[in-house]
Each structure stands twice: as C-alpha cells, then as structure tokens.
Protein chains: 2
Amino acid sequence: MKKYNFILTILAATALISSCGNQGNNNSTGALASSAAEKAYVAPGEHDEFYAFMSGGYSGNITVYGLPSGRLFKEIPVFSQFPTSGYGYSEETKPMLNTSFGFVPWDDAHHPDISQTNGELDGRWIFINGNNTPRIARVSLSTFETEEIIELPNSAGNHSSSFITENTEYVVAGTRFSVPIPQRDMPINEYKGNFKGSLSFISIAPETGRLNLDFQMIMPGFNYDLSHPGRGKSHGWFFFTTYNTEEANTLQEVNASQNDKDFIAAVNWKMVADYVKNGGGTKMATEYAHNVYDEHTHTATSTMKKEVITVDPTEVPGAVFFLPTPKSPHGCDVDPSGQYIIGNGKLSADLTIHSFDKMIAAIEGEKFDGEAYGIPILRFEDVLAGTVKSGGLGPLHTEFDDKGNAYTTFFISSEVVKWKLGTWEVLDRQPTFYSVGHLMIPGGNSRKPFGKYVVAMNKITKDRYLPTGPEMEHSAQIYDISGDKMELIYDFPTHGEPHYAAGCPADLLAPKSKKIYRLDDNKHPYAVTSPDQAKVVREGNEVHVYMSTIRSHFTPDNIEGIKVGDKVYFHITNHEQDFDVPHGFAMIGQNTSELLIMPGQTKTSVWEPKKVGVWPFYCTDFCSALHQEMQGYVRVSPADSNVPLTYSLGE
Amino acid sequence: MKKYNFILTILAATALISSCGNQGNNNSTGALASSAAEKAYVAPGEHDEFYAFMSGGYSGNITVYGLPSGRLFKEIPVFSQFPTSGYGYSEETKPMLNTSFGFVPWDDAHHPDISQTNGELDGRWIFINGNNTPRIARVSLSTFETEEIIELPNSAGNHSSSFITENTEYVVAGTRFSVPIPQRDMPINEYKGNFKGSLSFISIAPETGRLNLDFQMIMPGFNYDLSHPGRGKSHGWFFFTTYNTEEANTLQEVNASQNDKDFIAAVNWKMVADYVKNGGGTKMATEYAHNVYDEHTHTATSTMKKEVITVDPTEVPGAVFFLPTPKSPHGCDVDPSGQYIIGNGKLSADLTIHSFDKMIAAIEGEKFDGEAYGIPILRFEDVLAGTVKSGGLGPLHTEFDDKGNAYTTFFISSEVVKWKLGTWEVLDRQPTFYSVGHLMIPGGNSRKPFGKYVVAMNKITKDRYLPTGPEMEHSAQIYDISGDKMELIYDFPTHGEPHYAAGCPADLLAPKSKKIYRLDDNKHPYAVTSPDQAKVVREGNEVHVYMSTIRSHFTPDNIEGIKVGDKVYFHITNHEQDFDVPHGFAMIGQNTSELLIMPGQTKTSVWEPKKVGVWPFYCTDFCSALHQEMQGYVRVSPADSNVPLTYSLGE
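All values derive from a computational prediction rather than experimental measurement. (Residues numbered from 1 in each chain as written. Chains lettered and ligands numbered in written order. Predicted model: local features only at pLDDT ≥ 70, side-chain atom pairs only at ≥ 80, totals over all residues. Heavy atoms only, no water.)

Turning next to the overall build of chain A. The secondary structure content of chain A amounts to 7 helices and 46 strands. Taken against the 2.2 N^0.38 rule, which gives 26 Å for 651 residues, the C-alpha radius of gyration of chain A at 27 Å falls within 12% of a compact globule. Referenced to the eigenvectors of the C-alpha coordinate spread, the extents of chain A come out at roughly 85 × 65 × 45 Å. Within chain A, the fraction of its 651 residues that count as buried is 71%. Sequence-distant contacts in chain A: of pairs separated by 6 or more residues, those separated by 24 or more amount to 63%. A total of about 18400 Å² of accessible surface is found on chain A, and carbon and sulfur atoms cover 51% of it. Both charge centroids of chain A, one from 53 positive and one from 77 negative side chains, sit 2 Å from each other. (Helix = DSSP H or I, 4+ residues; strand = E, 2+ residues; numbered from the N terminus. Rg over C-alpha atoms; globule rule 2.2 N^0.38 Å. Buried < 20%, exposed > 50% of the residue type's maximum accessible area, 1.4 Å probe, protein only. Contact = heavy atoms within 4.5 Å. Areas by Shrake-Rupley, 256 points an atom, 1.4 Å probe, with all protein chains shown as cover. Lys, Arg positive; Asp, Glu negative; His and termini not counted. Charge placed at Lys NZ, Arg CZ, Asp CG, Glu CD.)

Residue and element names in this part refer to chain A. Inspection of every chain in the model, using the stated rule, returns 58 salt bridges over all chains. In this structure, D521 engages K523 in a salt bridge whose closest nitrogen and oxygen atoms are separated by 3.4 Å. Residue classification places D521 among the partly exposed positions, given a relative accessible area of 29%. Several salt bridges share partner residues, and in doing so they unite K39, D480 and E487 into one network. (Salt bridge = Lys/Arg side-chain N within 4 Å of Asp/Glu carboxyl O.)

This part covers the packing of aromatic side chains. On inspection of all chains with the given rule, the structure shows 77 aromatic pairs over all chains. Judged by centre distance (5.6 Å) and plane angle (80 degrees), the rings of W615 of chain A and F101 of chain B are edge-to-face. Taken together, the residues W615 of chain A in strand β44 (residues 613-618) and F101 of chain B in the loop between β4 (98-99) and β5 (102-103) connect one chain to another. By relative accessible area, W615 of chain A is classed as buried at 7%. (Phe/Tyr/Trp six-rings, centres within 6.5 Å; stacked < 30°, edge-to-face > 60°.)

Here we take up the pairing of strand β21 (residues 329-334) of chain B. Residue and element names in this part refer to chain B. Counted residue by residue, β21 has 6 buried out of 6 residues, so it is predominantly covered. With 4 bridges joining them, β21 and strand β22 (residues 340-345) adopt antiparallel strand pairing. Bridge pairing in β22 links C332 to G343. In textbook terms, the turn of a hairpin is the stretch between consecutive antiparallel strands, and for β21 and β22 this stretch comprises 5 residues, one of which, G338, has a positive phi near 85 degrees. (Pairing = 2+ DSSP bridges.)

Another aspect to go through is the environment of K485 of chain B. Residue and element names in this part refer to chain B. With respect to the helices and strands, K485 occurs in the loop between β33 (474-480) and β34 (487-494). Separated by 56 residues in sequence, K485 and R429 place their C-alpha atoms 8.2 Å apart. In this structure, K485 is in contact with L427, D428 and D480, ignoring residues within four places of it in sequence. A polar atom in the side chain of K485 sits 2.8 Å from the backbone oxygen of L427. (Polar contact = N/O pair within 3.5 Å; in protein donor to acceptor, adjacent residues only side chain to side chain.)

Further remarks concern unusual backbone geometry. In this structure, the amide linkage connecting F433 of chain A to the following residue, Y434 of chain A, adopts the cis form with an omega of -15 degrees. Summarising the element assignment, Y434 of chain A is placed in the loop between β30 (426-431) and β31 (436-440). For the bond running from R551 of chain B to S552 of chain B, omega is 0 degrees, close enough to zero to count as cis. As for its position among the elements, S552 of chain B is in the loop between β37 (542-550) and β38 (553-555). Phi at T168 of chain A is positive, roughly 55 degrees, even though this residue is not glycine. Within the fold, T168 of chain A resides in the loop between β10 (160-164) and β11 (170-174). Using a relative accessible area of 3% as the deciding quantity, one classes T168 of chain A as buried.

Residues and elements named next belong to chain B. Inspection of the secondary structure assignment puts T117 in strand β6 (residues 113-117). For the pair T117 and N167, spaced 50 residues apart in the sequence, the C-alpha separation amounts to 4.5 Å. T117 has contacts with D122, R124, E166 and N167, leaving out every residue within four places of it along the chain. At 2.7 Å, the side chain of T117 forms a polar contact with the side chain of D122.

The next thing to look at is the sheet that holds strand β29 (residues 415-420) of chain A. Two pairing modes exist for strands in a sheet, parallel and antiparallel, and in both the strands are linked by backbone hydrogen bonds. Residue and element names in this part refer to chain A. The strand order across the open sheet formed by 4 strands is β27-β28-β29-β30, and the pairing between neighbours is antiparallel. Looking at the sheet topology across the chains shown, the edges are occupied by β27 (395-400) and β30. Pairs of neighbouring strands in the sheet enclose a mean axial angle of 20 degrees, with direction left out of account. Bridging between strand β28 (residues 405-410) and β29 involves 6 bridges; their strand directions are antiparallel. In the strand pairing of β29, Y407 is matched with K418. (Axes fitted to C-alpha atoms, helices over the stretch in contact; angles between N-to-C directions.)

Size of an interface: often given as the accessible area lost when the parts come together. Every contact between the two is made by 165 residues of chain B and, on the other side, 164 residues of chain A. Between chain B and chain A, the buried area comes to about 13900 Å², and carbon and sulfur atoms account for 60% of it. Our count for the chain B to chain A interface comes out at 4 salt bridges. Ionic pairing is found between R635 of chain B and D185 of chain A, a salt bridge with its closest N-O pair at 2.6 Å. Applying the counting criterion to the chain B and chain A interface returns 78 residue pairs in polar contact (both at pLDDT 80 or more). Residues belonging to the side of chain B that touches chain A are distributed by class as follows: 76 nonpolar, 53 polar and 36 charged. (Buried area = accessible area lost by both parts, 1.4 Å probe. Nonpolar A, V, L, I, M, F, W, Y, C, P; charged D, E, K, R; others polar.)

Residues and elements named next belong to chain B. With respect to the secondary-structure elements, I353 resides in strand β23 (residues 351-355). Relative accessible area serves as the criterion here: at 0%, I353 is assigned to the buried category. Put simply, I353 and Y340 are 13 residues apart on the chain and 6.2 Å apart in space, counted from C-alpha to C-alpha.

Do not read the fine detail of predicted coordinates wherever pLDDT is low. All names here are of chain A. On average, residues of chain A score 94 in pLDDT, and 95% of them are at 70 or above. Low confidence marks residues 1-31, where pLDDT is under 50. Its contacts with residues over four positions away, or in another chain, come to 44 contacts. Our summary of model confidence lists the complex with pTM equal to 0.96 and ipTM equal to 0.95. (pLDDT = per-residue confidence, 0-100.)

Residues and elements named next belong to chain A. Burial in helix α4 (residues 269-277) covers these residues: W269, V272, A273 and V276. Considered in projection along α4, the buried side chains sweep an arc of 100 degrees and stay on one side of the axis. Buried positions along α4 lie against β11, β13 (195-204), β14 (211-219), β16 (237-243), β17 (261-268) and β19 (299-311). Residue G279 follows α4 closely and has a positive phi angle near 95 degrees. (Arc of directions from axis to C-beta.)

Okay, structure coming up:
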C-alpha cells in the first residue's frame with residue numbers, strides 16, 4: 001500500500017503543477033482572436049449548426065446547447081423537480097419521479113445517447129441515466145420533453161449507462177457499485193464474493209420507444225464504470241469497463257487501485273437475449289417503478305413492476321469474456337468501424353486498444369488466461385490491437401471523427417490528444433482549462449461522426465470566467481477539428497455538471513420540432529376545449545376548477561365559495577394555438593410551484609387555502625401587451641361557511 | 001366597451017404584423033457580422049467587462065451573465081428549490097422558503113437592484129422580489145448566495161419592487177393586486193373602495209444588510225405596477241405607476257383599461273419615515289416570515305413576525321400625491337439627475353415625462369385637480385416636463401446612459417428607441433426580436449450609468465434559435481451604444497423568464513468575490529473540522545452522521561447499525577480549502593436532493609431508509625482523478641435488529 005500512496009502523491013502533485021501551469025498560460029492558447037471570434041459567432045437571426053445535448057450531472061436534467069456558439073437553448077427536466085415549469089410539482093408530472101423508494105425529486109444524470117438506425121443518429125429520442133437511484137429516461141426529440149422513466153432494481157450508482165445499440169434495440173445500463181443481490185442485511189466487510197453487479201438490458205419498442213427491462217445479467221462484484229455498444233462488425237456485443245476488481249469495500253481510492261489491470265467485460269447481448277427469449281434466466285421478485293408520460297393526455301402514470309429476469313453469465317457459455325485492461329479503466333469507447341475498443345486506464349499513461357477481430361479469434365481459439373467467477377479471461381496480448389503512447393496523464397474518454405482519428409481527454413495533464421486509429425500515432429495535442437472529463441463530437445458515438453467540432457467538458461473552472469463566489473459553473477471548450485490541428489475557438493460555461501454529451505446536426509431535429517400541442521387532440525380528462533366549458537365543481541372538500549387561458553384572461557377569473565380546508569385543483573388549459581405563446585399560473589401562498597402551460601396543453605396544480613380572504617392568481621408568463629391585466633381572485637370563506645360556489649368572467 | 005375592444009383588436013393586429021415583419025427581416029439587423037463578432041467575443045482566458053444579474057422570472061432565481069458575451073456564469077437560487085445544490089432541500093436552507101403560508105418552494109422573481117452609496121452602485125448586495133407570495137430577498141455579492149428573505153404581509157402580486165433608495169436606506173415594494181387589508185371573507189365584486197394596495201418600506205441595516213419591515217402605506221385599491229426611487233435632487237421620494245384606477249375586479253384586460261389617465265404616486269418616504277419614527281402609524285397584527293442565512297453557521301433560521309406598522313397616507317399631509325399619467329403606465333423610471341420621472345403608458349404611443357421641480361412647485365402652490373381617497377391629484381399640465389413622440393407602440397421601460405440619453409422599449413412595435421433628455425428628440429431606433437419587455441444598461445438605475453451596452457430582454461423568441469419543441473428560452477439582445485447609433489451585436493437566450501436586470505462593471509465585484517469558506521470559521525453545530533472528529537451518534541431513532549470529505553474519500557465510509565424507521569441526518573463538512581473543489585453527497589433512494597458542499601462548508605440532508613440492505617453513497621461532483629472511488633456504504637438492518645452502531649474508514 002505504501003508504494004501506491006506514493007503513486008497517488010505523484011498524481012496529485014502532477015495535477016497541481018499542471019493546473020498552475022495552465023493558469024499562467026491563459027492567453028497562449030493558440031487561438032487567433034479575430035478568426036476564432038468569427039468561427040464561434042452566430043449572428044443575430046442565424047442558427048447554430050449543431051445541437052449539443054449535455055447531461056446536467058447533479059442538476060438531474062439535460063441541457064440543450066447550440067454549437068459553435070455555446071448558447072443554452074433549453075434545460076429539459078428529467079430526474080429533478082423543476083420549479084420553472086412545474087415539472088415534478090404538477091399533478092400530471094409528479095408520477096414521473098416515483099420510484100420503489102417513493103417520490104425522489106433529484107438524480108445525477110450522466111450520459112445522454114441519441115437513438116440510432118443502422119448505427120447512424122436518427123433523432124427520435126435521447127436517453128439518459130439517473131445514477132443515484134438507478135433509472136433510465138427517454139426524452140422525445142420532437143417535444144424536447146421527458147416521456148418515460150424506468151427504475152432499475154438490483155443496481156446501485158447506475159453509471160455505465162445509458163448507451164444504446166445501433167438499431168436502438170436496447171438501452172444498456174451497468175451498476176457502478178456492487179451490492180447484495182437481492183438486497184439483504186449483511187456485514188459490509190463480507191463484500192468480496194457476496195456483492196454483485198448487474199448489467200441491465202432495457203428493450204425499446206421500435207414505434208413508440210416504450211421501455212421494458214428485458215433482462216439483467218448478475219456479474220461479479222466489481223464496479224462497472226462505463227460502457228459502449230459494438231457497432232458494424234461488433235454489433236451484438238456490448239463492452240463495459242470495470243474497476244475495483246479487488247472487490248474492496250472501503251478507502252477505495254487506495255484499495256480499489258491495487259491491481260495492475262482490471263477488465264473490460266465483453267457481453268454478447270444477442271446471445272443472451274436469445275437465451276432469455278427461449279425461456280432462459282431466472283425470475284426474481286423485486287420492485288421498480290415504470291413511469292410513462294402521455295403526450296395526448298398530458299399526464300404521466302406510474303406503475304410498480306414486481307419481477308425481473310436475471311441471467312447468471314456462467315449459464316450462457318460464450319456470452320461473456322473479460323479483457324484485461326490497465327489500470328482502473330474509465331472510458332470504454334468503440335470506434336465508428338466497430339473494430340477497436342479503447343480502454344482509458346485512468347491511472348495509466350498509455351491507452352489500450354483492443355481488437356474486436358482478435359477478441360473473436362481468441363474466443364474461438366479458447367485461449368483463456370483463467371477465469372473470474374466462472375467468466376473466461378482472455379489474454380491481454382491476444383486481444384491487444386495497439387497502444388497509444390500518449391505522453392499524457394489520466395486518460396478518461398475517447399471520441400472519433402469521420403477521418404479515422406480519435407481524440408482522448410486527459411484529466412490530470414488537462415489536454416485533448418488527437419491520434420490515428422490503426423497507427424496509434426499522436427497527431428496533435430491541445431491544452432484544456434482545466435481537468436477535462438468527457439469530450440463530444442456530434443455523432444462521435446455512432447458509425448457516422450460529424451468531425452467539425454469537439455467539445456471538451458472540464459471539471460475545474462477557477463479563473464476562466466468572472467468569479468461568482470465559491471460556487472461556479474463548470475466549463476466547456478470548443479475546438480475546430482476540421483483541419484489537421486485542433487484550434488480552440490471558444491470557452492463557455494455549462495449549467496449543472498455536464499458529464500457526457502450527445503450532438504447532432506441541426507437539420508436532423510429542427511424541421512420536426514413540435515411547435516404547439518393541438519387543442520383538438522387534448523385528451524386530458526379535465527381539459528376544457530372551449531371557454532364555455534369552464535366550470536368549478538365541488539366533490540366533498542375537493543374542488544376542481546376547469547379553467548381556460550387565452551390572451552389576456554382566465555375563464556373564470558372570479559371564484560367564490562371556496563372554504564378553508566378545501567383541496568382545490570386548478571386544471572388549466574391553454575387555448576392558444578400559436579407557437580411560443582405559453583401562459584403561466586400561480587396562486588398566492590401555494591405550497592407548490594407555478595404551472596407553465598404550452599399552447600394546447602392542460603396542467604394541474606393543487607392549492608389548499610389556509611386563510612380566509614380574497615386571494616389573487618395571475619399569469620406568470622409575459623404573454624401580451626395586457627399581460628399585467630391577466631389575473632383573477634378566489635374568495636376563501638371559513639370552513640363552516642354557506643357562501644355558494646360561483647364562478648364568473650366579466651360580471 | 002365596444003370602442004375599447006376595437007382598440008385591443010388593433011393592438012393585437014399590430015403586434016402580429018410587426019412580428020411577422022420582423023421574422024422576415026432576420027438578417028437585415030444592420031450588424032456587420034465580422035465587426036459584431038469581435039465586439040461580442042470574449043476570447044478563451046479573457047474576462048467579460050460587465051456582470052449582468054437577470055431576474056429568473058418564473059424560475060424564482062437570479063442568473064448571472066457576462067457582458068458582452070451573454071454567457072451564463074451562475075444561477076443563484078433565491079425563492080425556488082434548486083435540486084442542483086440542495087437549496088430548499090437541505091436542512092440548513094429549508095427555512096429560507098418558509099412563509100406564513102408554510103413552505104413555499106417557488107416564486108416569480110422580477111426586479112433585481114444592486115445596493116448603492118450616494119446613488120452609485122456599491123456592489124455589496126443585490127435585492128430581488130418574489131411576486132406571488134410577496135417576499136423580498138437579499139443576496140450577497142461576495143458569496144453570490146441568498147442571505148435573507150422577508151415576507152410582506154398585506155401585499156399581493158409584489159410586482160413594483162425591489163428597488164432601493166440611493167444610500168440603500170430602504171428596499172421598497174408595492175402591491176400589484178389590491179386585496180382586503182386586513183384579509184377577510186367578502187364578495188369580490190365589492191372590491192371598489194374596499195380593497196387596498198400596500199407600499200412596503202423595508203429598512204436595511206448599513207453594516208449587515210439586515211432587513212426590517214419599517215412601515216407599510218395603505219393606499220387606494222389600484223394596481224401598483226412598477227416603481228423607482230428619486231435620486232440626487234429627488235432623493236427622499238419614491239414613484240409608483242398605477243393601473244386599474246378604475247378599481248375593476250374582473251376581465252381586467254378590458255375593465256382596467258378604461259381611463260385615459262392613471263396615476264404615478266409620488267411618495268415622500270423621508271417624511272413618512274420621520275412620522276413613523278415619531279410614533280406615527282398604526283400597529284396591525286399580522287403574520288410574516290423573516291428568514292436569515294448565517295454564513296458562519298451555514299444555516300438559515302426562520303422567525304415568524306406578528307406585527308406591522310401601517311400608515312394611512314391621509315394622516316401625513318404632504319407625503320403622497322398623484323401625478324396623472326396616460327395610459328395604464330407600466331415602467332416608472334427616474335433619470336440619473338433625479339429631475340425626470342418617465343411614465344411609459346403601455347396603451348399610449350407617447351412617453352410622458354414629469355418634472356420633479358415642477359412637481360415640487362405644484363405641491364407648494366397647492367394647485368390640485370381634486371383628490372382620490374383623500375390623496376391630492378396634481379394637474380397633468382403643471383407637472384409635465386415633456387412628451388416623447390416616439391412613433392412606437394406599447395412603451396414599457398426606460399433606462400439611461402451617461403451622456404444624457406434615454407432608451408425606451410416598445411413591446412408592440414418591438415424596438416428600442418433612443419431619445420434625448422430635455423429636448424425629447426428621438427435620436428435612433430433599432431428593432432428587437434421580438435416584443436421587448438425590460439432593458440438594462442449597467443448602472444442605468446443610478447446616478448452613474450455605464451453607457452456602453454444596452455441589453456433588451458424579449459418576451460417572444462420564436463425563430464431566433466434552433467427550436468426546442470413548444471417550450472423555449474426567452475431571448476436577449478445586446479447593443480453597443482457607445483456611438484451615436486445603437487448597433488445590435490449579439491442574440492443570446494436567457495434562463496427562466498428574465499424581467500428586469502441589474503448590471504455593473506466586473507471590477508466592482510470580481511476582486512472581492514469569495515473563493516472558499518474558512519474551515520476554522522465554520523460555526524455549524526454539526527461540523528467536523530478534522531476527520532478524527534467524524535462520528536455517528538444515535539439519539540432514539542434519529543442518527544446523526546458527522547462526516548468529513550476530502551479528495552478522495554468520506555470519513556467514515558462504512559456505517560453499520562442503521563435500522564429501518566431511523567431518520568438519518570448526514571452532516572457533511574467539506575475539508576477542502578482550495579478554490580473550486582466542491583464535493584457532493586447523495587444516498588440512493590433518498591427522498592430529497594443531493595448536497596453540493598463548498599470548501600469549508602457544512603450541509604445536512606435527511607435519509608429515512610425504507611429497505612433492509614447495504615446501500616451506497618457517493619460524491620456527486622467530479623473532484624479528482626480518483627473521484628469514482630469516492631463512495632461508501634451504509635448497512636440497514638430491520639427495525640428490531642441488534643446490529644451495533646459502528647463506523648469506519650479503511651478497516
């Protein structure tokens with residue numbers, strides 16, 4: 001352990017030196033200001049060339065940026081409550097955050113991935129993982145709203161997800177932390193051999209995108225860090241990096257860093273899927289939430305599932321192999337051809353590239369170097385395609401362009417290194433400011449990358465922007481990679497803590513972006529499709545207000561007969577059918593957020609009036625020249641009052 | 001009413017035509033792309049020249065942007081829960097959102113204003129209003145964190161706030177919606193003469209910034225829309241626009257738009273403050289929350305206040321006057337000299353400018369045009385300084401540069417018009433895209449504006465950016481105003497729904513921006529200032545975990561002896577003392593958000609374990625090369641278990 005502590009000290013010192021060095025070199029980035037300005041600039045009235053969907057990390061959301069401008073166009077609420085629009089507060093969206101642990105208002109969203117057809121981005125959906133309370137979400141890329149969230153049982157720290165196979169057959173998720181499966185009361189220090197990791201394969205219905213947890217592979221108790229699908233020739237396989245093959249359970253920074261090599265787990269998911277389809281696997285009783293939002297009823301429902309099929313990998317010979325990979329590999333990336341699997345050992349200086357062909361040959365030759373918990377270990381030399389002598393420290397992630405080049409981030413030496421697939425030659429390197437994590441090239445995780453820009457997502461910000469106290473946004477940097485050398489063109493801050501991102505050409509999404517919800521397609525049970533349907537109905541101490549909004553009034557705008565102790569449901573339908581005319585709704589003293597209601601949509605918030613009086617509500621979205629006049633009053637009487645229930649507009 | 005409906009139809013049609021026209025003219029903005037690119041561009045490693053603090057509107061927060069780049073540097077949570085950092089979820093910050101209505105997790109934040117000394121920005125604090133459940137917040141401009149929130153009783157739709165006097169004596173807030181004061185059960189249609197508006201004067205302690213609701217003026221039942229302080233010669237006065245002087249209570253878009261003129265209320269607050277200081281006013285029993293965050297304990301406390309002093313303006317002769325102003329005036333802006341009070345009648349084409357000197361002369365001459373509810377009405381002609389024949393439609397707000405010019409936004413004709421103070425001559429006009437609300441010049445609401453840029457905050461976005469479904473960010477535009485003509489240099493989207501903004505030179509804040517919290521100044525009762533103080537203490541079914549974090553482990557990282565039914569408080573102290581090294585904390589299945597803990601800070605989250613098992617927690621902020629290893633486990637046993645309480649690291 002002493003030796004290892006020495007290594008850690010060196011790494012820490014290197015980071016310090018590197019960081020200090022970079023800080024002194026802010027202006028020697030090689031960017032010619034005027035040329036870079038023009039490259040990053042998108043003039044008023046013009047549009048960005050690419051969408052970038054960044055994970056929000058600890059915001060739980062997805063943020064939508066334009067490239068090359070680095071402008072934030074939308075924050076899509078996914079796993080966290082979002083007071084801005086009422087997501088996770090409105091009656092329609094609260095079910096989206098339901099789990100087997102009850103209502104969970106937050107998560108940690110890491111790795112977005114866009115749906116594919118034949119290995120190319122198709123722009124239908126984007127998927128993202130919730131790390132903390134393991135979940136996968138599907139977001140529509142026509143409405144830019146979260147449509148579905150499925151919880152993952154038998155998982156913990158759902159990090160190595162959410163990556164999809166090249167025809168969007170499956171979205172795949174691996175557990176970062178191993179746990180007892182099924183969960184049970186046992187001493188933590190009996191981890192070794194008893195804790196397990198799970199790899200979840202969630203099938204995606206081709207037309208609707210509907211998710212179904214098809215099966216879970218129950219794996220040795222390592223930490224499954226990241227993953228990527230095979231593609232092209234390796235389609236049908238999935239690759240997962242592991243660390244903590246030591247199976248340590250405490251002081252992991254030391255104890256999980258002892259082995260010179262950990263593994264990349266190669267999983268032939270097609271073989272396992274067939275096995276399950278033919279009745280293989282074991283049904284395990286468990287509990288997980290499946291939450292679906294319906295665009296037509298504008299409402300989510302949550303269903304608790306009770307069973308999952310688990311697969312012991314030793315029962316499916318030929319389905320799972322371990323590829324030794326130095327050292328605590330983090331990123332696990334597959335090149336556009338599907339031939340190369342890159343393991344970025346975060347405590348290694350070199351990159352390890354495995355060959356898919358060699359792997360298949362080694363498997364067919366049954367040349368194993370022993371096994372781990374019954375899973376065959378391939379020989380490092382047999383599967384190695386090559387090594388990139390990078391000269392960097394702390395490699396994390398690799399993406400690809402369309403010219404046969406790869407780009408790898410180095411956290412400790414704070415740089416992006418460009419190298420050649422096949423020759424493993426380093427072609428270029430550019431500093432990042434500071435401590436870069438993931439990087440993203442639009443389409444870089446597909447068979448067809450668009451190699452014009454690479455975005456580096458940095459973990460340390462320090463002096464890159466005007467300071468904002470102890471807490472700052474993280475920082476991204478965009479490089480033009482259309483030439484032989486990378487050119488840094490712009491720094492931009494990012495909202496939340498972006499990890500991975502997924503990008504695509506604007507043309508793929510912009511033409512089909514939905515502008516309004518059709519009022520005549522509104523199937524919400526409390527919708528009013530014409531103002532004369534507006535009404536207020538009492539059912540015991542519950543009162544349902546069927547309210548419509550249109551510039552610039554609510555119908556009704558005066559309500560009497562509400563009593564202290566009532567539970568008032570405001571069901572608001574926005575009658576606008578023009579693009580970009582939302583209305584908002586808020587009631588004074590309400591113990592929830594506002595509603596932000598898009599044209600044609602119905603949303604509901606609850607108000608439990610506590611005080612007698614006459615209380616106003618108003619439109620919270622500046623909708624028109626007479627927006628300030630868009631208001632109403634509710635009269636609240638004592639609990640035992642006989643004031644009759646009435647409602648009106650203009651009387 | 002028929003006539004008025006005709007006017008509304010015209011206004012709506014004009015907006016439509018204007019909007020369509022603008023959409024067709026995206027590229028004819030007059031900006032030369034290359035020159036504008038260089039003006040808006042801030043090269044990697046360089047810093048923006050100005051901070052812009054934008055209200056988040058329905059996000060409830062303040063966003064911090066850089067100018068001229070339009071980059072978002074931070075979202076400061078104020079009135080809304082913020083899952084990203086745990087604001088409003090952590091035990092320390094939940095009291096910040098307490099009100100007399102209970103916990104209110106959201107509000108609508110409109111008008112930030114920076115503290116001043118002698119009428120110039122001093123950069124100590126920024127204030128902002130919560131509209132919906134009336135509140136005022138004070139935010140530190142060294143930590144960029146919300147330090148105080150005070151609720152306002154007898155108010156509703158707290159819109160005409162939060163504006164401060166030129167030595168930060170008071171932050172002032174006027175009610176937008178009149179209500180019964182005190183609240184009582186009464187028919188809504190008895191509004192006229194019975195509902196009242198309140199103007200709140202909250203004093204600010206010079207050293208600490210501590211807020212105290214000094215007095216409230218109980219005014220006629222109009223809608224108090226916006227306000228600004230007098231300055232220079234008019235220091236001691238405050239000006240409020242009103243609409244709905246009709247005192248209508250329904251279909252306000254029609255019924256509150258009948259009068260040709262409404263009023264600007266001029267309030268001599270110094271006179272009223274003296275009156276109160278000398279025992280004037282009436283004590284009214286009421287209830288409002290006062291929430292204060294202490295930077296040293298890292299903890300907020302909420303106190304419920306029970307009394308407020310109200311002032312009937314007719315009891316303080318000479319303190320309040322009404323200035324007739326056409327038509328439904330919205331913005332109420334005072335020029336840097338304090339001489340001119342500009343009323344922007346949103347249903348008027350012309351701007352009305354009142355003269356402070358003429359107002360004083362008219363008051364002294366007692367030349368009144370009747371009174372309203374006992375408050376003298378001055379004669380329009382007696383106070384008028386001039387009229388700007390703008391040629392625009394729907395004027396809303398005016399700001400000022402340092403060269404004697406004013407800039408007014410027009411919502412309906414979508415433009416910013418530059419005009420000369422004193423001559424009222426229109427000098428320039430530039431289109432905005434689309435439907436501009438407020439505008440902001442750094443220091444524009446002070447005696448010393450910095451007239452280099454103006455930012456227009458637009459309400460309609462439509463085609464300005466890549467589409468993101470029905471919901472989009474609002475849009476801002478930045479114009480270079482250093483020359484004779486305004487030059488549009490950049491479009492940037494804005495987060496939430498910015499209304500007003502406050503800007504200042506970077507130099508005012510950047511040097512004093514706090515980088516860390518000193519661990520040796522941490523007075524949190526559950527802090528551990530050294531890892532060997534870490535412990536786990538059971539008190540009945542409450543368990544307190546005193547935990548420390550430093551790269552890259554938690555102390556302790558293994559805990560046993562927790563039982564189903566316990567309430568576990570994780571008190572996490574971040575032992576880092578380097579800038580920009582936060583740690584995060586999250587526990588699987590927790591029914592709250594993460595904690596994001598700055599260096600030297602302690603934060604607490606609660607976990608009520610529901611299921612037996614071994615459950616992981618981890619650091620949610622990518623802190624170091626071995627961040628992935630920064631994790632721990634908690635063993636949860638059945639409620640009747642005898643597993644002893646233990647905790648450890650590395651054992």
